[in-house]
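Understanding the architecture of this molecule
Single-letter residue listing:
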Amino acid sequence: MKAQLENIYSLATEDIAKAASISDLDEIRAKYLSRKGEFNEIKKNLKNLSDEDKRIIGSLANEITKKLETSIQTKHDEFYKKELNQKLEKERIDVSLPGKFTPKGRIHPLTSTTNEIVSILQSLGFSVVESKDSPEVETEYFNFDMLNIPKDHPARDVQDTFFTSLASNVVLRSQTSGAQIHVMENQKPPIRVISPGRVYRNENINARKNNFFHQIEGLYVDKNITFGDLKGVLNEFIRIYFGSSRPTRFRSSFFPFTEPSAEVDVQCIMCGGKGCKTCSGTGWLEVLGAGMVDPNVLRGVGIDPEVYSGFAFGMGVERLAMLKYAIDDIRLFFNDDVRFLKQF
Ligand code: PHE
């Protein structure tokens, strides 16, 4: 039995010497040292020996297993170190290499223009209405009826307004002015609000017109509000937005929901007022519509026009951005062309 043990020991030692990897060592360990391994087979026969032999052979077997375990472990540690070093070498990072380029996103010019306009108006005391008071899918009641727009007004025509299949009176809003009605139905004066958002019109698309665009509505209702207040606020807004050197003018105009009404022009930024293609030779460009809130509109929402008065205005965001940055085609805002967008 002693010879048998020594024979297995030398075979195992040879195997260990030949082992080339951690998994080879695992196999060797299983073959010799596991519960079903060769040594255990021999140990099973110990019970047939005399007490004396049992002690001698038993301790020899223990000694040999310990030796084998130690040499397997030593070799295992060597392999482990080597494999780790190889792995570290392979995965080494050269910190001096240039990094991967990640293109940076940026704010869309319409968003930044809206933000700028909103913050100017906020500095003049206006606050932004809640989105529930400014829905894009609107009823004719808010988009037209309550704004004093008669049933036969041409703006109601399907040529101008997108109707929906939801119900005959549900439209995509053609202006943000409906927000005025929402606010005045929910709130008592003093009211000083603005409402930015998207509007839709059934236009033939060209360089000047898109079938959706963005407006910012303003409404100020309180006691003793006059046309002078309207002029003061809008002149101040334009002075801040375009710079004080840009002349403005107020032109009398008509909107069903304001009386009197005005349109505000700024001197053409393309030609400086001399007259060019952009301003159709007039030297002026219209930037917003405004007026004193019509008494009919106030009465409709239960505000007494004998006690309160107010003014409203609406401006086109695309138009204001085009004028400031000399953009000559509204479609550029919506084409997602990075060559355009990355200029802002
Ligand atoms: N809603 C008008 C338009 O879309 C603009 C406007 C708003 C005019 C408020 C007067 C008062 O043209």
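Side note on the state of the cysteines
Applying the stated rule across the entire model yields 0 disulfides. Cysteine Cys268 remains unbridged, with the sulfur of Cys271 as its closest cysteine sulfur at 3.6 Å.

Brief notes about the side chain of Ser21
Topologically, Ser21 is positioned in the loop between helix H1 (2–18) and helix H2 (22–33). What makes Ser21 buried here is its relative accessible area of 18%. At a separation of 3.2 Å, a polar atom in the side chain of Ser21 contacts the side chain of Ser23.

Notes on the site of the ligand
Near the ligand you find 14 residues, and of these Gln175, Ser177, Arg201, Gln215 and Gly314 are the closest. Ser177 has a polar side-chain atom sitting 2.9 Å from a nitrogen atom of the ligand. Take Arg201: an N or O atom from its side chain is 3.0 Å from an oxygen atom of the ligand. When isolated, the ligand has an accessible area of 320 Å², and the protein chains bury 89% of it. Those elements giving two or more residues to the shell around the ligand turn out to be strand E5 (212–222), strand E8 (284–293) and strand E9 (309–316). Ranked by residues supplied to the shell around the ligand, first place goes to E9 with 3 residues. Across the shell around the ligand, the residue classes break down as 5 nonpolar, 7 polar and 2 charged.

Quick notes on the pairing of strand E6 (residues 248–255)
Along any regular strand, the residues point their side chains to alternate faces of the sheet. Looking at chain direction, E6 and strand E7 (residues 258–267) are connected through 7 bridges and run antiparallel. Following the sheet pairing, Phe250 is matched in E7 by Val264. Between E6 and E7, which follow one another and run antiparallel, lie 2 residues.

So, a nonpolar patch on the surface
On the surface, Tyr80, Leu84 and Leu88 cluster together into a nonpolar patch covering about 300 Å² of accessible area. Residue position: Leu88 is located in helix H4 (residues 51–90). Residue class for Leu88 comes out exposed when judged on its relative accessible area of 52%.

Considerations on the domain arrangement of the protein chain
Considered domain by domain, the protein chain is made up of domain 1 (2–90) and domain 2 (109–341). One C-alpha centre belongs to domain 1, the other to domain 2; they are set 89 Å apart.

A look at the environment of Ser253
Secondary-structure assignment places Ser253 in strand E6. Along the sequence, Ser253 and Arg319 sit 66 residues apart, while their C-alpha atoms lie 19 Å from each other. Within polar-contact distance, the side chain of Ser253 engages the side chain of Glu263 at 3.2 Å.

Observations regarding the packing of helix H5 (residues 109–123) against helix H8 (residues 227–242)
Where H5 contacts H8, the two axes come as close as 10 Å, and the packing angle between them is 135 degrees. It follows that H5 is oblique to H8 by the angle criterion. Crossing of H5 against H8: the hand is right-handed. Residue-level inspection shows Thr113, Glu116, Ile117, Ile120 and Leu121 of H5 in contact with H8, the latter providing Phe237, Ile240 and Tyr241. When the residues that make up the contact of H5 with H8 are grouped by side-chain class, the tally is 6 nonpolar, 1 polar and 1 charged.

About the cut-offs
Residue positions are given per chain, counting from 1 as you read along its sequence in written order. Note on the predicted model: pLDDT of at least 70 is required for a residue's local features to be given, and 80 or more for side-chain atom pairs to be given and counted; whole-chain, interface and lining totals, by contrast, use all residues. Derived side-chain values reflect all non-hydrogen atoms in the structure, with water molecules and hydrogen atoms excluded from consideration. By convention in this document, the label disulfide applies to cysteine sulfur atom pairs within 2.5 Å. Elements are defined by DSSP. Helices are runs of H or I of four residues or more, strands are runs of E of two residues or more, and each kind is numbered from the N terminus. Under the scheme applied here, a residue whose accessible area is under 20% of the maximum for its type counts as buried, over 50% as exposed, and between as partly exposed, the area being computed with a 1.4 Å probe on protein chains only. The term polar contact refers here to a pair of N or O atoms within 3.5 Å; inside protein, the definition further demands a hydrogen-donor-capable atom paired with an acceptor-capable atom, and it admits residues adjacent in sequence only when both atoms are side-chain atoms. The near set for a molecule or strand comprises every residue that places at least one heavy atom within 4 Å of it. Every accessible area reported is derived by Shrake-Rupley at a probe size of 1.4 Å, with residue values counting cover from the shown protein chains alone. Side-chain classes follow a simple rule in which Ala, Val, Leu, Ile, Met, Phe, Trp, Tyr, Cys and Pro form the nonpolar group, Asp, Glu, Lys and Arg form the charged group, and the remainder, Gly included, forms the polar group. A strand pair is defined by DSSP finding two or more bridges across the two strands. Every patch collects residues that have over 30% relative accessible area and no salt bridge, joining them within 9 Å if they carry like charges and within 5 Å if they are nonpolar side chains (Val, Leu, Ile, Met, Phe, Trp, Tyr). Just to be clear on terms, a salt bridge is a Lys or Arg side-chain nitrogen sitting within 4 Å of an Asp or Glu carboxyl oxygen. Annotation comment: domain bounds sourced from an automatic or database domain assignment. Axes here refer to lines fitted to C-alpha atoms; in helices the fit is confined to the stretch in contact. Angles between the N-to-C directions go from 0 to 180 degrees. These descriptions rest on fixed angle ranges, namely under 35 degrees for roughly parallel, over 145 for roughly antiparallel, 65 to 115 for roughly perpendicular, and the rest for oblique. Crossings are assigned a handedness: left-handed for a near helix turned anticlockwise from the far helix by less than a right angle, right-handed for a clockwise turn. Should any heavy atoms of two residues lie within 4.5 Å, those residues are counted as being in contact.

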